[in-house]
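Residue-level listing of the chains:
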Amino acid sequence: MQPYSLLPAQGSEQHDEWIRLGTEAQLSGNFPKADSFYRSALRISPNNTIAIHNLAILQACTNNLNDALLSMEKAVLFEKKEPVMYANQALICLEADRIDEAVFAACNGMALATSLPVPSSDPNHDQLKTAGYINARLAYAMVSASAGHPENAYPAYMEMLAVDPKHAAAGPNSCFVTSLMPIGPKELIEPRKLWYMTNRVQ
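As the structure is a prediction and not an experimental result, all values here were calculated from the model.

## A word on the pattern of salt bridges
Summed over the entire model, instances satisfying the criterion amount to four salt bridges. Residue Glu 101 is joined to Arg 98 by a salt bridge in which the shortest nitrogen-to-oxygen separation is 3.0 Å.

This is how it looks when you write it as C-alpha coordinates:
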(Lines give C-alpha, C1' and ligand atoms only; values in the text may rest on other atoms or scores of the structure.)
Protein backbone atom coordinates (compact mmCIF):
# COMPACT_ATOMS: atom_id res chain seq x y z
CA MET A 1 0.00 0.00 0.00
CA GLN A 2 1.34 3.41 -0.99
CA PRO A 3 1.18 6.44 1.36
CA TYR A 4 -1.71 8.15 -0.41
CA SER A 5 -3.23 11.37 0.93
CA LEU A 6 -6.91 12.22 0.70
CA LEU A 7 -8.03 15.77 0.01
CA PRO A 8 -10.69 17.36 2.25
CA ALA A 9 -13.92 18.90 0.95
CA GLN A 10 -13.46 22.63 0.36
CA GLY A 11 -16.98 24.05 0.73
CA SER A 12 -20.42 23.67 2.22
CA GLU A 13 -22.44 22.54 -0.79
CA GLN A 14 -24.30 19.22 -0.85
CA HIS A 15 -21.56 17.50 -2.85
CA ASP A 16 -19.01 18.69 -0.26
CA GLU A 17 -20.98 16.92 2.46
CA TRP A 18 -20.95 13.70 0.42
CA ILE A 19 -17.17 14.06 0.05
CA ARG A 20 -16.80 14.52 3.81
CA LEU A 21 -18.83 11.39 4.44
CA GLY A 22 -16.80 9.50 1.85
CA THR A 23 -13.52 10.60 3.40
CA GLU A 24 -14.67 9.58 6.88
CA ALA A 25 -15.83 6.19 5.61
CA GLN A 26 -12.58 5.63 3.72
CA LEU A 27 -10.42 6.54 6.70
CA SER A 28 -12.41 4.17 8.89
CA GLY A 29 -11.93 1.35 6.36
CA ASN A 30 -15.53 1.19 5.13
CA PHE A 31 -14.65 1.21 1.44
CA PRO A 32 -18.10 0.27 0.00
CA LYS A 33 -19.73 3.19 1.82
CA ALA A 34 -16.93 5.54 0.77
CA ASP A 35 -17.43 4.51 -2.86
CA SER A 36 -21.17 5.16 -2.59
CA PHE A 37 -20.66 8.58 -0.98
CA TYR A 38 -18.11 9.73 -3.57
CA ARG A 39 -20.40 8.64 -6.40
CA SER A 40 -23.27 10.55 -4.76
CA ALA A 41 -21.06 13.65 -4.84
CA LEU A 42 -20.26 13.05 -8.49
CA ARG A 43 -23.92 12.68 -9.42
CA ILE A 44 -24.40 16.25 -8.18
CA SER A 45 -21.07 17.63 -9.39
CA PRO A 46 -19.74 15.29 -12.13
CA ASN A 47 -16.40 17.04 -12.59
CA ASN A 48 -15.62 17.62 -8.91
CA THR A 49 -11.88 17.06 -8.75
CA ILE A 50 -11.70 16.24 -5.03
CA ALA A 51 -14.38 13.54 -5.32
CA ILE A 52 -12.68 12.08 -8.40
CA HIS A 53 -9.26 12.26 -6.72
CA ASN A 54 -10.40 10.56 -3.52
CA LEU A 55 -12.30 7.93 -5.50
CA ALA A 56 -9.09 7.21 -7.44
CA ILE A 57 -7.25 6.56 -4.17
CA LEU A 58 -10.11 4.34 -2.99
CA GLN A 59 -9.85 2.35 -6.23
CA ALA A 60 -6.09 2.01 -5.77
CA CYS A 61 -6.57 0.82 -2.18
CA THR A 62 -9.03 -1.84 -3.35
CA ASN A 63 -6.63 -3.03 -6.06
CA ASN A 64 -8.59 -1.58 -8.99
CA LEU A 65 -5.49 0.01 -10.44
CA ASN A 66 -6.78 0.52 -13.99
CA ASP A 67 -9.81 2.42 -12.71
CA ALA A 68 -7.58 4.33 -10.29
CA LEU A 69 -5.25 5.41 -13.08
CA LEU A 70 -8.15 6.62 -15.23
CA SER A 71 -9.82 8.45 -12.36
CA MET A 72 -6.63 10.19 -11.27
CA GLU A 73 -5.84 11.16 -14.86
CA LYS A 74 -9.28 12.81 -15.00
CA ALA A 75 -8.70 14.58 -11.68
CA VAL A 76 -5.42 16.18 -12.75
CA LEU A 77 -6.94 17.05 -16.12
CA PHE A 78 -9.45 19.29 -14.36
CA GLU A 79 -7.11 20.53 -11.61
CA LYS A 80 -3.56 21.19 -12.79
CA LYS A 81 -2.31 23.22 -9.81
CA GLU A 82 -2.63 20.83 -6.86
CA PRO A 83 0.66 19.05 -6.01
CA VAL A 84 -1.08 16.49 -3.78
CA MET A 85 -2.97 15.18 -6.82
CA TYR A 86 0.21 14.76 -8.85
CA ALA A 87 1.91 13.10 -5.88
CA ASN A 88 -0.89 10.56 -5.58
CA GLN A 89 -0.93 10.05 -9.33
CA ALA A 90 2.79 9.26 -9.16
CA LEU A 91 2.21 6.73 -6.36
CA ILE A 92 -0.63 5.01 -8.26
CA CYS A 93 1.59 4.77 -11.34
CA LEU A 94 4.37 3.39 -9.14
CA GLU A 95 2.00 0.78 -7.72
CA ALA A 96 1.06 -0.17 -11.29
CA ASP A 97 4.75 -0.44 -12.32
CA ARG A 98 4.37 2.46 -14.77
CA ILE A 99 7.65 4.05 -13.76
CA ASP A 100 8.03 6.58 -16.59
CA GLU A 101 4.54 7.95 -15.94
CA ALA A 102 5.25 7.98 -12.20
CA VAL A 103 8.41 10.06 -12.76
CA PHE A 104 6.49 12.51 -14.96
CA ALA A 105 3.71 12.96 -12.40
CA ALA A 106 6.17 13.28 -9.51
CA CYS A 107 8.13 15.97 -11.34
CA ASN A 108 4.89 17.87 -12.00
CA GLY A 109 4.10 17.77 -8.30
CA MET A 110 7.55 19.05 -7.37
CA ALA A 111 7.26 21.90 -9.88
CA LEU A 112 4.07 23.07 -8.15
CA ALA A 113 5.46 22.87 -4.59
CA THR A 114 8.67 24.87 -4.65
CA SER A 115 8.02 27.31 -1.78
CA LEU A 116 9.00 26.31 1.74
CA PRO A 117 5.82 26.05 3.85
CA VAL A 118 5.05 28.58 6.56
CA PRO A 119 5.66 27.02 10.04
CA SER A 120 2.61 25.68 11.86
CA SER A 121 3.12 28.28 14.60
CA ASP A 122 2.63 31.11 12.08
CA PRO A 123 -0.91 32.56 11.74
CA ASN A 124 -0.52 32.32 7.93
CA HIS A 125 0.15 28.58 8.05
CA ASP A 126 -1.69 26.74 5.27
CA GLN A 127 -2.11 23.04 6.05
CA LEU A 128 -2.97 22.11 2.46
CA LYS A 129 0.13 23.86 1.08
CA THR A 130 2.29 22.09 3.65
CA ALA A 131 0.72 18.76 2.65
CA GLY A 132 1.43 19.56 -1.00
CA TYR A 133 5.09 20.33 -0.24
CA ILE A 134 5.57 17.17 1.85
CA ASN A 135 3.62 14.79 -0.39
CA ALA A 136 5.23 16.05 -3.59
CA ARG A 137 8.66 15.28 -2.14
CA LEU A 138 7.64 11.93 -0.72
CA ALA A 139 6.28 10.76 -4.07
CA TYR A 140 9.28 12.17 -5.94
CA ALA A 141 11.72 10.47 -3.58
CA MET A 142 9.98 7.09 -3.70
CA VAL A 143 9.65 7.18 -7.48
CA SER A 144 13.26 8.34 -7.94
CA ALA A 145 14.60 5.48 -5.82
CA SER A 146 12.45 2.97 -7.72
CA ALA A 147 13.69 4.42 -11.02
CA GLY A 148 17.31 3.87 -9.95
CA HIS A 149 18.11 7.44 -8.87
CA PRO A 150 18.62 7.42 -5.10
CA GLU A 151 20.79 10.54 -5.48
CA ASN A 152 17.58 12.43 -6.37
CA ALA A 153 15.57 10.81 -3.59
CA TYR A 154 17.90 11.76 -0.75
CA PRO A 155 17.65 15.59 -1.10
CA ALA A 156 13.85 15.31 -1.32
CA TYR A 157 13.74 13.38 1.95
CA MET A 158 16.01 15.94 3.60
CA GLU A 159 13.72 18.77 2.46
CA MET A 160 10.81 16.91 4.06
CA LEU A 161 12.71 16.51 7.32
CA ALA A 162 13.51 20.23 7.37
CA VAL A 163 9.75 20.84 7.58
CA ASP A 164 8.74 17.77 9.59
CA PRO A 165 11.79 16.38 11.47
CA LYS A 166 9.86 13.34 12.74
CA HIS A 167 8.20 12.35 9.48
CA ALA A 168 7.62 8.61 9.77
CA ALA A 169 8.73 7.78 6.22
CA ALA A 170 11.34 10.41 5.42
CA GLY A 171 13.66 9.57 8.32
CA PRO A 172 14.09 5.83 7.73
CA ASN A 173 13.93 6.19 3.95
CA SER A 174 16.67 8.83 3.93
CA CYS A 175 18.89 6.32 5.71
CA PHE A 176 18.00 3.55 3.27
CA VAL A 177 18.55 5.45 0.00
CA THR A 178 22.08 6.46 1.03
CA SER A 179 22.94 2.75 1.12
CA LEU A 180 22.16 2.71 -2.62
CA MET A 181 24.54 5.59 -3.35
CA PRO A 182 28.30 5.39 -4.03
CA ILE A 183 29.32 7.24 -0.87
CA GLY A 184 31.57 6.51 2.07
CA PRO A 185 30.96 5.88 5.80
CA LYS A 186 31.13 9.58 6.70
CA GLU A 187 28.22 10.43 4.40
CA LEU A 188 26.31 7.28 5.34
CA ILE A 189 26.32 8.12 9.04
CA GLU A 190 24.83 11.61 8.66
CA PRO A 191 21.16 10.71 8.03
CA ARG A 192 21.35 7.92 10.62
CA LYS A 193 22.74 10.30 13.22
CA LEU A 194 20.01 12.82 12.37
CA TRP A 195 17.30 10.18 12.71
CA TYR A 196 18.70 8.99 16.04
CA MET A 197 19.04 12.47 17.52
CA THR A 198 15.51 13.41 16.43
CA ASN A 199 13.75 10.26 17.58
CA ARG A 200 15.67 9.10 20.63
CA VAL A 201 13.78 8.86 23.89
CA GLN A 202 14.80 11.67 26.23
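## As for the nonpolar core
Counting residues in hydrophobic clusters, the biggest one holds 55 residues, and the most contacted among them are Ile 92 and Tyr 157. A per-element tally of this core places helix H5 (residues 83-95) first, with nine residues. Apart from the residues lying within four places of it in its own chain, the contact partners of Ile 92 are Tyr 4, Ala 56, Ala 60, Ala 68, Leu 69 and Met 72.

## Side note on the environment of Pro 46
Tracing the backbone through its elements, the reader meets Pro 46 in the loop between helix H2 (31-44) and helix H3 (49-61). Separated by 31 residues in the primary sequence, Pro 46 and His 15 have C-alpha atoms spaced 9.7 Å apart. Apart from the residues lying within four places of it in its own chain, the contact partners of Pro 46 are Ile 52 and Lys 74.

Criteria and thresholds
Residues numbered from 1 in each chain as written. Predicted model: local features only at pLDDT ≥ 70, side-chain atom pairs only at ≥ 80, totals over all residues. Heavy atoms only, no water. Salt bridge = Lys/Arg side-chain N within 4 Å of Asp/Glu carboxyl O. Core = buried A, V, L, I, M, F, W, Y, C linked by side-chain atoms within 4.5 Å. Buried < 20%, exposed > 50% of the residue type's maximum accessible area, 1.4 Å probe, protein only. Helix = DSSP H or I, 4+ residues; strand = E, 2+ residues; numbered from the N terminus. Contact = heavy atoms within 4.5 Å.

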